[in-house]
Amino acid sequence: MTDTLTIHTPDDWHLHLRDGAMLRAVAPESARHFARAIIMPNLVPPVVTGADAAAYRDRILSALPEGSGFTPLMTLYLTEDTDPDDLARAHADGLITAVKLYPAGATTNSTSGVRDFEVIRPVLEKMAEIGCPLCVHGEVTDPDIDIFDREAVFIDRVLDPIRRATPGLRVVMEHITTKQGVEYASEGGPDLGATITTHHLVINRNHILSGGIKPHYYCLPVAKREEHRIALRRAAVSGDPTFFLGTDSAPHTDANKLLPCGCAGCFTATNTLSILSHVFEEESALDRLDSFTSINGPKFYRLPANDSTITLKRGDPVAYPARIETDDGPVTVFDPGYPLHWRVVG
Ligand code: DOR
Ligand code: ZN
């Protein structure tokens, strides 16, 4: 059995780093093993202009450990007031890599998101013209739609019409959680990609709700039935360039997770590579981990893969903290529910 694996240094194509004390605590966790990450803009207030993105990038760079080569790839938060020219300038200057679409009310800090998708049409057309990818949180917010169906309905009602109306628009379906998401992404051609999180490869909805409610497994989109987890695993290990890692590592303090109305998000930055190696080994697909973590994402974003490598080794159970300390309070690290044996050794 293989017990050592060398892959190109991974990138995280969907990451929440937050700001202030939380940023300072979590940035080193991602910078330890990842070379680059697409940084989510759902701060309070959100990152809406090129100037906001430049200022946030500087705050991230100052939160990194001395000598870290980690590169934050910035995004803008798309609102109904986004100025297409500001966006195009930020993209041309290399300040932003993508733009994030949150339907208003879909998730954490999404109230400034989009209510009327017709209003953003000129921005989407500008993005298609300049080749700036749109990262999409793909859930409808219609309260009449069951939360477990919101991704599949979004594809039919919102995503497919947008893509048909905007030829050339490059889209990433973020954190897909359903077999409908997998099917739609795999048939979408080279202008459509999809990220898959670490935790959605591990948990289904039973993990959240059976035998007591587990707030630390609650995230959005919420984990679905087992058949969907299996579809995600098949997609992740397939080697299909459509699918790549976006951890959606989303730290919240334990105090905020454990409220009567607790926050959505799983914090996986600390142990993601150990978990992914475990999953790919279970699927007899360790030889395709590199594609998922390090090759397919850069290819979609038209960036070179990293030159450097990391090595993973299988051995005794990996020790990692149950929670990391921040000046805002502790943040629980995602627990896959089993011991991990793969560690990054170099
Ligand atoms: O679980 C989630 N947490 N899903 C999201 O879409 C947002 C994220 C967050 O920012 O906490
Ligand atoms: Zn996210």
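A brief look at the structure comes next. (Residues numbered from 1 in each chain as written. Chains lettered and ligands numbered in written order. Predicted model: local features only at pLDDT ≥ 70, side-chain atom pairs only at ≥ 80, totals over all residues. Heavy atoms only, no water.)

**Brief notes about the overall build of the protein**
Looking only at helices and strands, the protein features 11 helices and 13 strands. Computed over the C-alpha atoms, the radius of gyration of the protein is 19 Å, within 12% of the 20 Å expected from 2.2 N^0.38 for a compact globule of 346 residues. Summarising its shape, the C-alpha atoms of the protein cover approximately 55 × 45 × 40 Å along the three principal directions. Going through the 346 residues of the protein one by one, you find that 58% of them count as buried. Partitioning the intrachain contacts of the protein with sequence separation of at least 6 by distance along the chain shows that 74% fall at a separation of at least 24. (Helix = DSSP H or I, 4+ residues; strand = E, 2+ residues; numbered from the N terminus. Rg over C-alpha atoms; globule rule 2.2 N^0.38 Å. Buried < 20%, exposed > 50% of the residue type's maximum accessible area, 1.4 Å probe, protein only. Contact = heavy atoms within 4.5 Å.)

**Some words on the site of ligand 1**
Taken together, 14 residues form the shell around ligand 1, and within it Arg18, Asn42, Leu220, His252 and Ala264 come nearest. Here Gly265 contributes a backbone N or O atom positioned 3.3 Å from an oxygen atom of ligand 1. When isolated, ligand 1 has an accessible area of 290 Å², and the protein chains bury 99% of it. Residues belonging to the shell around ligand 1 are distributed by class as follows: 4 nonpolar, 8 polar and 2 charged. (Near = heavy atom within 4 Å. Polar contact = N/O pair within 3.5 Å; in protein donor to acceptor, adjacent residues only side chain to side chain. Areas by Shrake-Rupley, 256 points an atom, 1.4 Å probe, with all protein chains shown as cover. Nonpolar A, V, L, I, M, F, W, Y, C, P; charged D, E, K, R; others polar.)

**Describing the coordination of the zinc ion (ligand 2)**
Protein ligation of the zinc ion (ligand 2) involves His14 (NE2), His16 (NE2) and Asp248 (OD), the donor distances falling in the range 2.1 Å. Coordination of the zinc ion (ligand 2) draws on donor residues from a single chain, spaced H-x1-H-x231-D in sequence. The exposure class of His16 is buried, given its relative accessible area of 7%. (Donors = N, O, S within 2.8 Å, 3.2 Å for Na, K, Ca; no water.)

**Considering the sheet that holds strand E2 (residues 11–15)**
On the basis of which strands lie adjacent, the open sheet formed by 8 strands has the order E2-E3-E4-E5-E6-E7-E8-E9 and parallel pairing. Lying at the two open borders of the sheet, with one neighbouring strand each, are E2 and strand E9 (243–245). Looking at each pair of strands side by side, their axes are set apart by 30 degrees on average, direction ignored. In terms of strand pairing, E2 meets strand E3 (residues 36–39) through 3 bridges, oriented parallel. Paired with Asp11 across the bridge in E3 is Arg36. Most of the contacts of helix H2 (residues 50–63) go to strand E4 (residues 71–77), to which it runs at about 150 degrees, and overall it touches E3 and E4. (Pairing = 2+ DSSP bridges. Axes fitted to C-alpha atoms, helices over the stretch in contact; angles between N-to-C directions.)

**A short note on the pairing of E3**
The side-chain alternation of E3 yields two buried faces, one formed by Arg36 and Ile38 and the other by Ala37 and Ile39. In this sheet, E4 lies alongside E3 in parallel orientation, the contact comprising 4 bridges. Pairing of Arg36 across the sheet is with Thr71, part of E4. Where the polypeptide runs from E3 across H2 and back to E4, its parallel neighbour, the crossover connection is right-handed. (Right-handed = clockwise from strand over helix to strand, strands pointing away.)

**Focus: the sheet that holds strand E10 (residues 309–314)**
With antiparallel pairing, 3 strands are arranged side by side in an open sheet as E1-E10-E13. The sheet is open, and its two edges are formed by strand E1 (4–8) and strand E13 (342–344), each paired on a single side. If you compare each strand with its neighbour and ignore which way they point, the axes differ by 25 degrees on average. Note that E10 and E13 share 3 bridges and pair antiparallel. Its bridge partner being in E13, Arg314 is matched across the sheet by Trp342. Contacts from helix H11 (residues 289–300) reach E1 and E10 within the one sheet, and its direction differs from that of E1 by about 25 degrees.

**Observations regarding the pattern of salt bridges**
Close approach of charged atoms allows side chains of opposite charge to pair. According to the stated counting rule, one finds 17 salt bridges in the structure shown. The partner of Glu29 in a salt bridge is Arg32, with the nearest N and O atoms 2.8 Å apart. According to the relative accessible area criterion, Glu29 is buried, its value standing at 9%. The closest approach of N and O atoms between Glu129 and Lys126, which form a salt bridge, is 3.9 Å. With Glu129 and Lys126 both in helix H4 (residues 121–130) and 3 residues apart, the pair spans about one turn of that helix. Judged by relative accessible area, Glu129 falls into the exposed class, the value being 61%. Overall, the relative accessible area of 21% leaves Lys126 in the partly exposed class. (Salt bridge = Lys/Arg side-chain N within 4 Å of Asp/Glu carboxyl O.)

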